[in-house]
Amino acid sequence: MAVRIDEDACIGCGVCEGLYPDLFRMEDDGKAHVTGLTDYDSTLAHEAAEQCPTEAIIEE
Ligand code: SF4
C-alpha cells in the first residue's frame, strides 16, 4: 500500500500534517507532500485520507 497526494485537489489546509506529521508535510508550494516514511501506520494514513476535505489523499 502506498499513499500519494493529488496536488490539484489539495487545498493546503494542513489537516493531514496535523494528524500524521511523519507522513505528511506542508511544503513551500502550499501543498501537502508525502515524506519518505516507508513503515508508516496505514490506519493513521487512512484516517488522514478520511479527514482530508477534498479527498486529495489517495491510498493505492
Ligand atoms: S488534508 Fe488534504 S487538502 Fe488538506 S493539506 Fe492534506 S492533502 Fe491537502
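Residues numbered from 1 in each chain as written. Predicted model: local features only at pLDDT ≥ 70, side-chain atom pairs only at ≥ 80, totals over all residues. Heavy atoms only, no water.

K.L.:
Any chance you could explain the nonpolar core here in plain terms?
P.N.:
Among soluble globular proteins, nonpolar side chains are generally buried collectively. If you look at the biggest cluster of nonpolar residues, it comprises 15 residues, and the most contacted ones within it are Val 3, Ile 5, Cys 16, Leu 23, Phe 24, Tyr 40 and Ile 57. Those elements that place two or more of their residues in this core are strand E1 (3–5) and helix H2 (42–51). Of the residues forming this core, the biggest block, three residues, is contributed by H2. With near-sequence residues (within four places) excluded, Phe 24 lies in contact with Val 3, Ile 5, Cys 16, Glu 17, His 33, Val 34, Thr 35, Ala 48 and Ile 57. (Core = buried A, V, L, I, M, F, W, Y, C linked by side-chain atoms within 4.5 Å. Buried < 20%, exposed > 50% of the residue type's maximum accessible area, 1.4 Å probe, protein only. Helix = DSSP H or I, 4+ residues; strand = E, 2+ residues; numbered from the N terminus. Contact = heavy atoms within 4.5 Å.)

K.L.:
Just to check I follow, could you spell out empty space enclosed by the protein for this structure?
P.N.:
Taking a probe equal in size to a water molecule and rolling it over the atoms shows the remaining empty space. Under the criterion given, the structure shown has one cavity of 30 Å³ or more. The calculated volume of the largest cavity comes to roughly 110 Å³. As for the largest cavity, its lining consists of 16 residues, of which Cys 10, Cys 13, Cys 16, Ala 32 and Cys 52 are closest to the centre. (1 Å grid on protein atoms, 1.4 Å probe; cavity = no way out; pocket = protein on both sides within 12 Å on 5 of 7 lines; lining within 4 Å. Points joined across faces, edges and corners; volume = space filled by probe spheres on them.)

K.L.:
Is there a simple way to think about unusual backbone geometry in this case?
P.N.:
For residues other than glycine, phi is negative in most cases, and the peptide bonds are mostly trans. Its identity is not glycine, yet Glu 55 carries a phi of approximately 55°, on the positive side. Within the secondary structure, Glu 55 sits in the loop between H2 and strand E4 (57–59). What makes Glu 55 exposed here is its relative accessible area of 66%.

K.L.:
I'm lost on the site of the ligand in this one. Help?
P.N.:
Taken together, 15 residues surround the ligand, and among them Cys 10, Cys 13, Gly 14, Cys 16 and Cys 52 come closest. A majority-of-atoms criterion places the ligand in the largest cavity. Residue composition of the shell around the ligand, grouped by class: 12 nonpolar, three polar and no charged. (Near = heavy atom within 4 Å. Sits in = over half its atoms within 2 Å of the grid points. Nonpolar A, V, L, I, M, F, W, Y, C, P; charged D, E, K, R; others polar.)

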